Amino acid sequence: MASTELKGCGVPRDKSATASVSDCDIAIVGAGPYGLSAAAHLKAKGFAVRVFGEPMEFWADKMPAGMLLRSPREASSISDPTRAFTLEAYEATSGKEPAAPLPIETFVEYGRWFQHQLGSDLDTRSVARVDRDGDEFRLTLQSGESVRTTRVVVAAGIGPFRRKPDQFKGLAHTQASHCYEGRKFGEFSGRKVAVIGAGQSALESAALLYESGAEVEVIAHISELRWIGMHSWLHHLGPISSMLYSKHDVGPAGISRLVAAPNLVRRLPLPLRDKIRKRAVRAAGSRWLPPRLREVKITTGRAVNTASSVGDEVALRLDDASERRVHHVLLGTGYDVNIARYDFLPPELTQNVRQLDGYPVLTGGFSSSVAGLHFIGATAARSFGPLLYFVAGTEFASLALAKNIARNGAHSKQQ
Ligand SMILES: Cc1cc2nc3c(=O)[nH]c(=O)nc-3n(C[C@H](O)[C@H](O)[C@H](O)COP(=O)(O)OP(=O)(O)OC[C@H]3O[C@@H](n4cnc5c(N)ncnc54)[C@H](O)[C@@H]3O)c2cc1C
């Protein structure tokens, strides 16, 4: 097979190679909100950027239809340097009525529209592997072709970090699955489903399952469910509200302001930073969920001790010795960030990345300890705080990343 240049990536290097080998200034792994936003900012600085992956794949294929965004509209725009590609701009262009809360379908369409505004710098293939190759990186695509680049930005999201607690590990995927594995909730109509957890994932999934005709019970170990934004009057106090909450609305009064300053959060001692992060994203549901859960059985203050398969059912034994028989267990049990679980990053590479419990330790410009390797999105939340778990963090991340690379140059060994 002759060597062919990969679109948008410059001059092929190795004409004799069997697979295509091309140059890129910067390769971005992942075409979700963070990858697309970073591409827009880096492109505006004049870099040859390529984004790999299906645009908005996690939102379109892994989250259930009918989901609503928990973040406010003001915090749901993907950042671009001229603020021309906001959610409002998309709605105006497409003639969509602004909705709050925002349906996931609109957000997916918005992300794909944003990607179209970027032009042809997208390659929908997945990256199978990233290797260090001298001063550069070699990306091997799922198709077998390879791409050379001087910098790699990992914007691959949280999909591989799904937490499956030990007691459910023995169950087959047909009997226990994570909330965000792309299950169609309609398939559970008429079936008994236990939903484990008390966060937005668990509670919204429970509502959607119930509305799809399933018999649902939520089992949560916290003593009482919590709801986000129940003190809505605190948002209507004019300048006082502005002092308490940022427009991103991540975290409770006061903490919300701190969360909106990721550079300040990065300078705080780690224990305090961790405390803020955990408090800002503790398990809670949106305030529009309680009416939808009125008919759903909720069991709080209880944990599942064991889960075993009995024919086509699952037997759950709780810590009060009670039992449940269900057809399926849906795990809204969260995520554990661990970059070693990105299967496209080989251990030879990740073991050189300085880490804190699976999170990369990052500089102010989102550089890891491996020169030229950057991480944005949830993997950056241990360094910069919880804003980086949300779309609202795209502005800060993309500006800081692009500024850092522009200062040091795409080809520099400087981080
Ligand atoms: C239930 C739930 C509800 C949420 N609600 C909100 C909300 O309301 N507001 C909000 O701001 N945030 C919300 N979030 C958080 C949300 O995940 C992030 O805000 C957002 O997805 C971050 O964007 P991202 O680009 O980092 O990750 P993603 O959107 O996950 O994008 C990463 C992309 O990388 C791709 N990818 C992975 N590996 C490869 C590879 N090897 N090659 C190519 N592509 C690859 C994935 O397919 C994925 O499409 C929610 C999360 C969950 C789980």
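What you see is a predicted model; the values in this text were computed from it and never measured.

## A few points about the pairing of strand 8 (residues 192-196)
- With respect to burial, strand 8 is a largely interior element, four of its five residues being buried.
- In this sheet, strand 9 (residues 215-219) lies alongside strand 8 in parallel orientation, the contact comprising five bridges. Each residue of the ladder has a partner; that of Ile 196, found in strand 9, is Ile 219.

## A look at the pattern of salt bridges
- A complete count under the given rule lists 27 salt bridges for this structure.
- The residue Arg 125 makes a salt bridge to Asp 123 at a minimum N-O spacing of 2.8 Å.
- Glu 323 serves as the salt-bridge partner of Arg 317, at 3.0 Å between the closest nitrogen and oxygen.
- Residue classification places Arg 317 among the partly exposed residues on the basis of a relative accessible area of 37%.
- Of the residues examined, Glu 323 reaches a relative accessible area of 47% and is grouped as partly exposed.
- Salt bridges here are not isolated pairs; linked through shared partners, they connect Arg 129, Asp 131, Asp 133, Glu 136, Arg 138, Arg 148 and Glu 348.

## Quick notes on the confidence of the model for the chain
- When pLDDT is averaged across the chain, the result is 90; 91% of the residues are at 70 or more.
- Contacts for the low-pLDDT stretch residues 1-21, under 50 throughout, to residues beyond four places or in other chains number 50 contacts.

## Re the site of the ligand
- Around the ligand, 27 residues are found, and the nearest of them are Glu 57, Arg 70, Ser 71, Val 127 and Val 391.
- A distance of 3.2 Å is found between an oxygen atom of the ligand and a backbone nitrogen or oxygen belonging to Phe 58.
- At 2.8 Å from an oxygen atom of the ligand is found a main-chain nitrogen or oxygen belonging to Arg 70.
- Compared with its free state, where it exposes 960 Å², the ligand has 90% of that area covered by protein.
- Counting only elements with at least two residues in the shell around the ligand, the list comes to helix 1 (33-44) and helix 2 (57-62).
- Top contributing element to the shell around the ligand by residue count: helix 2, with three residues.
- When its residues are assigned to classes, the shell around the ligand shows 18 nonpolar, seven polar and two charged.

Conventions adopted
- Residues numbered from 1 in each chain as written.
- Predicted model: local features only at pLDDT ≥ 70, side-chain atom pairs only at ≥ 80, totals over all residues.
- Heavy atoms only, no water.
- Buried < 20%, exposed > 50% of the residue type's maximum accessible area, 1.4 Å probe, protein only.
- Helix = DSSP H or I, 4+ residues; strand = E, 2+ residues; numbered from the N terminus.
- Pairing = 2+ DSSP bridges.
- Salt bridge = Lys/Arg side-chain N within 4 Å of Asp/Glu carboxyl O.
- pLDDT = per-residue confidence, 0-100.
- Contact = heavy atoms within 4.5 Å.
- Near = heavy atom within 4 Å.
- Polar contact = N/O pair within 3.5 Å; in protein donor to acceptor, adjacent residues only side chain to side chain.
- Areas by Shrake-Rupley, 256 points an atom, 1.4 Å probe, with all protein chains shown as cover.
- Nonpolar A, V, L, I, M, F, W, Y, C, P; charged D, E, K, R; others polar.

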